[in-house]
Structure formats: structure tokens, C-alpha cells
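# Results of the structural survey
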Amino acid sequence: MRKKILAANWKMNLTHVEAESYVEAFLHEVGEVNDVEIVIIPSFTSIPTLAQASGNAPLIRLGAQNLHWERSGAFTGEISATMLRALFVKYVIIGHSERRTLFGETDEMVQKKVHTALEAGLRPIMCVGESLAERESGSVQKVLGRQVAEGLKGVSADHLPEIVLAYEPVWAIGTGLTASPAQAEEVHAFLRSLLAELFDKSVADRTRIQYGGSVKPENTEDLMREPNIDGALIGGASLDPHSFARIVRATEKALR
Ligand code: PGA
């Protein structure tokens, strides 16, 4: 019922020239994929190149790593939803933990960005996740509860399934430490029940919840077998087209 979604978050890596050869290698290796949605989320400068490449290869959907909540204006260095839509961008990451911790993004900003994205027809990939200290002090549910409720405040139930929620425990991002499938599943089940409480059960059941944090070809299949894990947001292991293609294949295997 929920199509699995794999999103490659390249962060601040790969030039547009490198992006071109990446796509060629990835498509060659991955072949035909029917039951998994694939999103590539490059730097802004590579979006035009990928828009062109993905136009020829409908297999790949395009995402952006950030956007500003205003439509236009004097916001030096920012990117608008309209600019992204004009390049056929479909998804946008909002509230990644690196944005929250390194660039001061708050739940309130996340909320404004979610609304702006939805109004423009972009699908938010809204990231939530606890730090190691928060996990150790037993406040995982409290932290995630706040991030989800604040980030999604004012979103209508009809719009919820357009949003992808990404659970990314901060302690697992780029550290090589992955949440075990059981640990991740426990949180995903909690997040789904939270969505059911905030919206309703049927829309919660249709909303995809991705896992992110040191996903690699080797741990993908087990994570993807969990009933509430609907895909992955992949950083480091998505930078190599062969490794990302292996993640796609491991996901397909988990579906069989
Ligand atoms: P990682 O990053 O796969 O390198 O841990 C995931 C993310 O930050 O989205």
C-alpha cells in the first residue's frame, strides 16, 4: 500500500559534472525498477543537470535539500519553492538535523517550510530524530512528539500522505552506527501512532516513514523488511552510484 521510497541525500558533495556521470552509471547498474520510488537529492547547482537526465529517465525523481519559506524577495542566498518547481523538483528535505544543529533551524521554521512546500506542490521529506543524550535520558518519544506536532501543525489530513516523514536518529547520521531494525521499527510504529492521533488512522497508514542514519547496502534488506519502515534517506552510501544501486536491489529483495 505504501510504495517504498529511497532518497539519496548527497549533502554538499558532487559537482554537476560528477552528477552527470553518476546518473549514467546508476541507471546502467540498476536496470528496471518498478516497485520502489527513487529520489536523488543533489546540491542546487546540480539540479538542472539532473532535471535533464531524469527527464530522459523517469525512474529518477528529483529532490532539493532545502528551501526558503517565503515565495520571493530580499533573502540573499536562499532558494524558493517556485525556483525548485521550475526545475521539476518533486521532493524537498526539510528540517534535516544538520540544518537544525549547524544552521539554527527551529521547529517553527520547519513548519513554515512544510506549508510553503505543500502550497507549491512540493512534497516535504520532513526529518525528525533524537540526539544520543536524548535517547540515553529516555526522551525519544517526547522529542519526536514535539518535532512532529510542531512541524506538521496546521497541515490538513488530506495533505499528510504527500509528506514523507524521515526518522533520522542524530547519533546514527554519518557515524556508521545504525539503529537496529528492531530499534528503528519501534520508533516508526510510535511515529505512525502519533500521526494517527494527530490526524487519523487511515491517513497515517498511507503516510510513508523513511529511516535514515548510516544506511548501507549491507543493512538495507533487514531494515526494509520491517513493516513500518517505508524506505530510507541515505547520505554517505548514496554518493557512489554502485552502492546506491545495491541499496535499491536490497530493497527490492526485501519486498519479495
Ligand atoms: P548517512 O546520512 O547515511 O551518511 O548517515 C543520512 C542523512 O543525513 O540523511
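You'll find the structure just up there.
In this report, the structure presented in the accompanying data block is examined. (Residues numbered from 1 in each chain as written. Predicted model: local features only at pLDDT ≥ 70, side-chain atom pairs only at ≥ 80, totals over all residues. Heavy atoms only, no water.)

## Focus on the layout of surface pockets
If you roll a probe as big as a water molecule over the atoms, it shows you where there is empty space left. This is how the line gets drawn: The distinction between a cavity and a pocket rests on a 1 Å grid over the protein atoms alone: a 1.4 Å probe fits inside a cavity but cannot get out, while a pocket stays open yet meets protein on both sides within 12 Å along at least five of seven lines, and a residue with an atom within 4 Å of a point counts as lining. Grid points are joined across faces, edges and corners, and a volume is the space filled by probe spheres set on the points. For the purposes of this entry, the term helix denotes a DSSP run of H or I that reaches at least four residues, the term strand denotes a run of E that reaches at least two, and both are numbered from the N terminus. For this scheme, ten residues count as nonpolar: Ala, Val, Leu, Ile, Met, Phe, Trp, Tyr, Cys and Pro. Four count as charged, namely Asp, Glu, Lys and Arg, and the remainder, Gly too, count as polar.
Of the pockets and cavities examined, the largest pocket occupies roughly 450 Å³. Along the walls of the largest pocket sit 17 residues, with Lys 11, Met 12, Gln 65, Arg 99 and Phe 103 positioned nearest its centre. The element contributing the most residues to the lining of the largest pocket is helix α4 (residues 97-102), with three residues. Across the lining of the largest pocket, the residue classes tally to seven nonpolar, six polar and four charged.

## A word on the pairing of strand β8 (residues 231-234)
Counted only if it meets this: Relative accessibility thresholds used throughout: buried, under 20% of the residue-type maximum; exposed, over 50%; partly exposed, between the two (1.4 Å probe, protein chains only). Only strands that DSSP links by at least two bridges are regarded as paired with each other. Note on handedness: a crossover is taken as right-handed if, strands pointing away from the viewer, the path from the first strand over the helix to the second is clockwise.
Here β8 shows no split at all, with Gly 231 and Leu 233 on one side and Ala 232 and Ile 234 on the other all buried. Two strands pair when backbone bridges link them, and strand β1 (residues 4-9) and β8 are joined in this way by four bridges, in the parallel orientation. If you follow Ile 5 over to β8, its bridge partner there is Gly 231. Inspection of the sheet shows strand β7 (residues 208-212) paired to β8 by two bridges, in the parallel sense. Bridging across to β8, Gly 212 finds its partner in Leu 233. Crossover β7 to β8 through helix α10 (residues 217-224) is right-handed.

## Topic: the sheet that holds strand β5 (residues 123-128)
For clarity, the cut-off: Here an axis means a line fitted to C-alpha atoms, over the contact stretch when the element is a helix, while the angle between two N-to-C directions is reported on a 0 to 180 degree scale. Contacts are residue-level and defined by heavy atoms, with any inter-residue pair within 4.5 Å sufficient.
Taking strand neighbours around the barrel as the criterion, the eight strands line up as β1-β2-β3-β4-β5-β6-β7-β8 in a closed arrangement whose pairing is parallel. Each adjacent strand pair in this sheet contributes to an overall mean axis angle of 25 degrees, direction not counted. The sheet contact formed by strand β2 (residues 36-41) and strand β3 (residues 60-64) spans three bridges and is parallel. Its bridge partner being in β3, Ile 40 is matched across the sheet by Leu 62. The sheet contacts of helix α11 (residues 241-255) involve β1, β2 and β8, and relative to β1 the element is tilted by about 165 degrees.

## Considering the site of the ligand
Where we set the bar: Only a single heavy atom is needed: when it lies within 4 Å of a molecule or strand, its residue is near that molecule or strand. We define a polar contact as two N or O atoms separated by no more than 3.5 Å, with the added condition that, inside protein, one atom must be a possible hydrogen donor and the other a possible acceptor, whereas residues neighbouring each other in sequence contribute only through side-chain atom pairs. Residue exposure ignores everything except the shown protein chains as possible cover, and the areas themselves are Shrake-Rupley values with a 1.4 Å probe.
Of all residues adjacent to the ligand, which total 13 residues, the nearest are Lys 11, His 96, Glu 168, Gly 174 and Ser 214. The backbone of Ser 214 places a nitrogen or oxygen atom 2.8 Å from an oxygen atom of the ligand. A distance of 2.8 Å separates an oxygen atom of the ligand from a polar atom in the backbone of Gly 236. In the complex, the protein chains occlude 95% of the 280 Å² of accessible area that the ligand would expose alone. Of the residues that constitute the shell around the ligand, the class distribution is four nonpolar, seven polar and two charged.

## A closer look at the packing of helix α5 (residues 107-120) against helix α7 (residues 140-151)
Rules: Here roughly perpendicular refers to angles of 65 to 115 degrees, roughly parallel to angles under 35, roughly antiparallel to angles over 145, and oblique to all remaining angles.
The geometry of α5 relative to α7 is characterised by a closest axis approach of 8 Å and an angle of 40 degrees between their N-to-C directions. In terms of their interaxial angle, α5 and α7 are classed as oblique. Listed contacts from α7 to Asp 107, Val 110, Gln 111 and Val 114 of α5 are Arg 146, Gln 147, Glu 150 and Gly 151. When its residues are assigned to classes, the contact of α5 with α7 shows two nonpolar, three polar and three charged.

## Thoughts on the environment of Ala 184
Within the fold, Ala 184 resides in helix α8 (residues 181-198). Classification of Ala 184 by relative accessible area gives buried; the value is 0%. For the pair Ala 184 and Tyr 211, spaced 27 residues apart in sequence, the C-alpha to C-alpha distance is 7.3 Å. Sequence-distant contacts of Ala 184, defined by excluding residues within four places in its chain, comprise Ala 179, Tyr 211, Leu 223 and Ile 229.

## Focus on unusual backbone geometry
Look at Lys 11: it is not a glycine, yet its phi comes out positive at around 55 degrees. Assignment of secondary structure puts Lys 11 in the loop between β1 and α1 (16-30). Positive phi, normally seen in glycine, also occurs at Phe 88, with a value near 65 degrees. For Phe 88, a relative accessible area of 64% translates into the label exposed.

That's the geometry; what it means functionally is another story.
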